[in-house]
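Residue-level structure breakdown
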Amino acid sequence: MRGWDEGKEDRKESLRRISEALSQSRSDFSRSWKIYRRSLLAVMGLLMVMAVGTISFFADEIAVEHPYRNLQDDEWQWSIDYEPQREKPFSEECDWHEQSITTNPNSPLFSETVVAESDNHIHETAANGYHKDILTVVRLIALDDNNGYDLNISLISIDPNNSSILILSPELYENTSLPGGKVWLTYEFDNEAMHVSWMPEGYQRCIFGTNHQGQDMFSKVLYGSRVSLQIGITVASLTVIIGTIVGSVSGYFGGRIDEIIMRICDVFFAIPGLILAMAVVSAIPEMTSLTIPIWLGLLFPLLFLAMVFREYLTSTIVGDQIFDRGMGPLMKYRNVLYLIPLVLFCFLLWPDLIDFSDSRNWNLAVSIGVIFTLGVLVLADRKFIEKASFDGAGERLGKTVDWTNPWRYLSLRTVAIFVAAVVLYEFSGGDGGEIVIINDFDRLWKIQAALIVTGWPGYARLIRGQVLYVKEMAFVEAARSVGAPSGRIMFRHILPNAWAPLLVAFTLDIGGTILSASGLSFIGLGAKPGSAEWGILVSESRQWFPDDAYLMLFPGLAIAVTVLGFNLLGDGIRDVVDPKNRR
Amino acid sequence: MKLHEFVVRRLLLLVPVLIGVAILTFTISHLIPADAAAARCGDRCGLTVAWTEDGEPISAYQQNREQMGMNEPVTTQFRIYFEDLAVGDWGESSTYHRPVVDVLRDAAPITLEMTFFALFIAYPLGITLGILSAVRQDRMFDHISRFFAIAFVSLPIFWFAMVLQLLFAIGPVSGVGGVCDPLFSTEGGCFPIFGRHDPSLTYPEDGFVSFYPAGGTGFHLIDSWFVTDQKLATLPVEYGSSWLLFKDTVLHLALPCACLGVASSGSLLRYMRASLLEVLHEDYVRTARAKGISESRVVIVHACRNALIPIVTILGFSIGGALSGAVLTETIFALNGMGRVAVKSIQYIDLPVIMGVTLITAVIFLLSNLVVDIMYAIVDPRVRLE
């Protein structure tokens, strides 16, 4: 039986080939791009996705209005701005404002000159959270009394020195017969906020109209792209990760595990997607934040690290089978043996250590200490077994770190260690008792969780099929014959050769997720009413549907364009990575 | 393997999946943060309704919990739930105040009618366009139809439904109840905006009860042909015959079905195109061409028949997609099908209905997949050999 370190010459040879392949990969990319850009539709899709991405990134710069964080109930809210409600796109009325003016001289609010100002809108820096803008009046349009009857417009005039100040004529406030002691003045104001630098002069009014709260639809649709992209990418990535792990385990190990996993997938496939997602959304409890106990949160990265160490040592020192033969049942269940001290440690020791001090550095030091201790634990264990069974194992241990192979630094386990370290660092800064996974677990997170729960079986099946296909190939056989461990075969040999359909499915899935999420929002299970989410915008517009159809037109169009972009992109990628389908 | 063996084997394979679905719905119902016992007694939960043997008061809430078996261990609860499912006792809805089975029996035909009618439109359309697209590969027609196929799959169904209403039912300028002036109107006027049948086919004095009797199949496309002459005589003249009733149903189905079917036809077009292109490279097609058979005969007789075989399997996915889409379509077109029942039950956290709807859609979906598999085994006997 040959160990991994015994084929130095072979490895150098393979290293040379790999670096050759690496230099070729550049031309591979340009060749792929050449195939990709042959299809007009694919290029269109790429452009659409890039456009949506750019828009969502620069939404702050492009948008006219901006949402503000309302500190009271911890959600994004839109400033109720001074555009009149439900105005059609490009309508002149977008720059009009109606203001009530007190005409009763006995009222404490009365004054002969009135400042033209907007209605209250949320403003994060204002003392009470609300704010009024002073408006510059361009011309007066109409004057109504409190019952809606027209009055003579000349009763009010603009101050020639300061166009923000309106002067009431004595005729108006000496007239005691006015109902309610106030009048309503409609005037056109110089709408600074609506002047968007990138729009030509004269087209600077509300581009997609305003909704029933006077909010600029254009801005809401722009910010909606952020929500949709975030949901699409988060859900698709997480489902890919979960599905890949489950599917590769299922495909690689086969047997009973495979049977169980596939039956679970069958159950999930048996219920149509949206209906299952709806049921799952309703099953997720209402909560403001998602927290888990700190030991639970650290258990997984630590366990993963321990596995990585173990796997690393196993793969570098000598093949698995020798140990199995030597130590028998003890070796067979050694993974479980690792668990016992780990769990004990997490339950008993770790919370005390964390509670010792609130300082972040202390927590960090503890985290690093834990990793180090675990490493030593694993190493010592291994060393002990080796000493007990074999001669000359100490020498081999020295060779575990293979500095000559640069691929090691890029390998999965290096990344895993890095991720685990970051996770530990981030989490160790908490207040000790709990780890906050999601800070504000709003309803958007609920639909994301539901879509992940319903989405993973698709990927699991896809990856399983790929793994079953690749598993039978000669190079996997070769890797297995030299004693490479399962994890290594899976991550280094099988998965890199099974990624192509995964990438296609991932791209298409982003679009599908955006569709499902907006559908869930539409039926009232997703985003909160009033938020800038496309499904909610369409659903809110139903109240004014046939009359103000523009309200539903643009958000829906935005969904369609985004999803179309991702679908075209996925199709284009399929043409490149799967030559069988290309015609 | 004989066909009947195949069918029996497939049926047996359904059983573990159905049990799994039952476990899943049971889990979901236990996770839902709602108390069915509290929902049952409402604001009378605190009232004392009985006394224990020791004289301790039992509140209505406690009694409900006892009666509903909520104090039992989870495994026992699941066993009871499963037994109830098997004998058709699916619980009682707290929003409809009727047994769940009755609610679903009323709702299912609406969704099924819509789904099947939608696929009835989508299949010929998608397959025809797919064939044309494959025959004219890489020409303008191909590019355009492929673009529209992807575009149709990408449309948000709820938005597309509203656009269809705007174009075909309401018109871009008029409001509800205004002059109907849509861009594209049918000969007899507009398509109806929503509903299953004309409002004049209800009895307003009985709270707008439908004209269609409850004893029928529930599918108006079928029921309309079995209306007795006496009943027809009570209707206004424009609905005075079975044909006119049928036409009314079709007109009402047209927009929701177009909406549901458009996504299916888009994906069908793509599959049909890919399948036909693959077949066109086969040897027997070349042989047929070499024999001098006309191109249209080669495509239609030799290639299409083989290319259609894998298309059968798409039917299962289409039905699943349509059942999902029905949730959104029914909401917009005000059809009281299973989708709307599902939405309503989730809004009011009506546990038995949520579980019932999930189960029944799963059963429908599984059965239709079974039918698809059997059809596939019939058209392609190789499948049976596995």
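Residues numbered from 1 in each chain as written. Chains lettered and ligands numbered in written order. Predicted model: local features only at pLDDT ≥ 70, side-chain atom pairs only at ≥ 80, totals over all residues.

Helix and strand content of chain B: 14 helices and four strands. With the C-alpha coordinates aligned to their principal axes, the bounding extent of chain B is approximately 95 × 60 × 40 Å. Of all intrachain contacts in chain B linking residues separated by at least 6 positions in sequence, the fraction that spans at least 24 positions is 66%. (Helix = DSSP H or I, 4+ residues; strand = E, 2+ residues; numbered from the N terminus. Contact = placed C-beta atoms within 7 Å.)

Let us now look at the overall build of chain A. Tallying secondary structure elements over chain A gives 21 helices and twelve strands in all. Per-residue burial for chain A yields a buried fraction of 35% across its 583 residues. For chain A, restricting intrachain contacts to residue pairs at least 6 apart in sequence, the fraction spanning at least 24 positions comes to 76%. (Buried ≥ 20, exposed ≤ 12 C-beta atoms within 10 Å, placed from the backbone.)

At the interface, 42 residues of chain A touch 46 residues of chain B. For the side of chain A that touches chain B, the elements supplying multiple residues, two or more each, are α6 (255-270), α7 (273-283), α19 (499-522) and α21 (550-577) of chain A. Of the residues assigned to the side of chain A that touches chain B, the class counts are 27 nonpolar, nine polar and six charged. (Nonpolar A, V, L, I, M, F, W, Y, C, P; charged D, E, K, R; others polar.)

All names here are of chain A. Viewed as axis vectors pointing N to C, helix α20 (residues 534-541) and α21 meet at an angle of 155°, and their least axial separation amounts to 8 Å. In terms of axis orientation, α20 runs roughly antiparallel to α21. Crossing angle aside, the handedness with which α20 passes α21 is left-handed. Where α20 approaches α21, its residues Trp534, Leu537, Val538 and Ser541 are matched on the opposing element by Leu551, Met552, Pro555, Gly556, Ala558 and Ile559. (Axes fitted to C-alpha atoms, helices over the stretch in contact; angles between N-to-C directions. Parallel < 35°, antiparallel > 145°, perpendicular 65-115°, else oblique. Left-handed = near helix turned anticlockwise from the far one by under 90°.)

Below, the discussion takes up unusual backbone geometry. Residues and elements named next belong to chain B. Of note, the phi angle at Asp138 is positive, near 60°, even though the residue is not glycine. Among the secondary structure elements, Asp138 is positioned in the loop between α5 (100-135) and α6 (140-154). At Ile349, a position not held by glycine, the phi torsion is positive, near 45°. Its location among the elements puts Ile349 in the loop between α13 (338-347) and α14 (351-379).

Right, let's talk about the packing of helix α5 (residues 217-253) of chain A against α21(A) for a bit. All names here are of chain A. Orientation of α5 relative to α21, taken along the N-to-C sense of each, is 30°, at an axis distance of 10 Å. Relative to α21, the element α5 lies roughly parallel. In this structure, the crossing between α5 and α21 has a hand that is right-handed. Every residue of α21 that contacts α5 at Met217, Val221, Gly224, Ser225 and Ser228 is listed here: Leu551, Phe554, Pro555, Ala558 and Thr562.

All names here are of chain A. With respect to the helices and strands, Gly209 occurs in the loop between β10 (182-189) and α5. Residues Gly209 and Leu515, 306 residues apart in the sequence, show an inter-C-alpha distance of 24 Å. In contact with Gly209, not counting residues within four places along its chain, are Glu87, Lys88, Pro89, Met217, Tyr550 and Leu551.

The biggest cluster of nonpolar side chains holds 166 residues, and the ones touching the most others in it are Ile275(A), Met278(A) and Cys259(B). A per-element tally of this core places helix α12 (residues 295-333) of chain B first, with 15 residues. In this view, Met278(A) contacts Leu520(A), Leu525(A), Ala342(B) and Ile346(B); residues no more than four positions away in its chain are not counted. Of all hydrophobic cores here, the second largest spans 14 residues; its members include Ala116(A), Val137(A), Tyr173(A) and Phe189(A). (Core = buried A, V, L, I, M, F, W, Y, C linked by C-beta atoms within 7 Å.)

With that settled, consider the sheet that holds strand β7 (residues 137-145) of chain A. Strands pair in a sheet through their backbones, by hydrogen bonds, and they do so in one of two ways: parallel or antiparallel. Residues and elements named next belong to chain A. The strand order across the open sheet formed by three strands is β3-β10-β7, and the pairing between neighbours is antiparallel. Here the strands that pair on one side only, and so sit at the sheet edges, are β3 (96-102) and β7. Between one strand axis and the next, the sheet turns by 30° as a mean value, whatever way the strands run. Examined bridge by bridge, β3 and β10 share seven bridges and lie antiparallel to one another. Within the sheet, the bridge partner assigned to Thr102 lies in β10 and is Lys182. (Pairing = 2+ DSSP bridges.)

All names here are of chain A. Read across the open sheet, the three strands follow the order β4-β9-β8; overall the sheet is antiparallel. What marks the edges here is a single partner per strand, and that holds for β4 (113-115) and β8 (156-158). Sheet twist, expressed as the mean angle between neighbouring strand axes with direction ignored, is 30°.

Within the secondary structure layout, Ser250(A) lies in helix α5. Taking the C-alpha atoms as reference points, Ser250(A) and Met262(A), twelve residues apart in sequence, are found 7.7 Å from one another.

Residue and element names in this part refer to chain B. Along the chain, Gly321 falls in helix α12. Overall, Gly321 belongs to the buried group, with 23 C-beta atoms counted inside 10 Å. As for Gly321 and Thr115, which are separated by 206 residues in sequence, their C-alpha atoms are 9.4 Å apart. For Gly321, the residues in contact, after removing those within four places along its chain, are Ala263 and Ser264.

What follows covers the pairing of β10(A). Residues and elements named next belong to chain A. Only one face of β10 is covered, namely the face carrying Val183, Leu185, Tyr187 and Phe189; the face carrying Lys182, Trp184, Thr186 and Glu188 is uncovered. For β7 and β10, the ladder comprises seven bridges, and the chain directions are antiparallel. Each bridged residue has a counterpart across the sheet, and for Arg139 the counterpart in β10 is Glu188.

Attention shifts here to the confidence of the model for chain A. The predicted structure's coordinates, where accompanied by low pLDDT, should not be read in detail. With 61% of its residues at a pLDDT of at least 70, chain A reaches an overall mean of 73. Taken together, the stretch residues 383-414 of chain A has pLDDT below 50 and engages in 24 contacts with residues farther than four places along the chain or on a different chain. (pLDDT = per-residue confidence, 0-100.)

This part covers the confidence of the model for chain B. Residue and element names in this part refer to chain B. Chain-level pLDDT for chain B is 83 on average; 92% of the residues reach the 70-or-more range. Of all secondary-structure elements in chain B, the lowest mean pLDDT belongs to strand β3 (residues 202-203), at 71, while α5 reaches the highest, 92. Predicted confidence is poor over residues 173-179, with pLDDT under 50, and the contacts of this stretch with residues over four places away or in other chains come to seven contacts. For this predicted complex, the interface score ipTM comes out at 0.88, alongside a pTM of 0.79.

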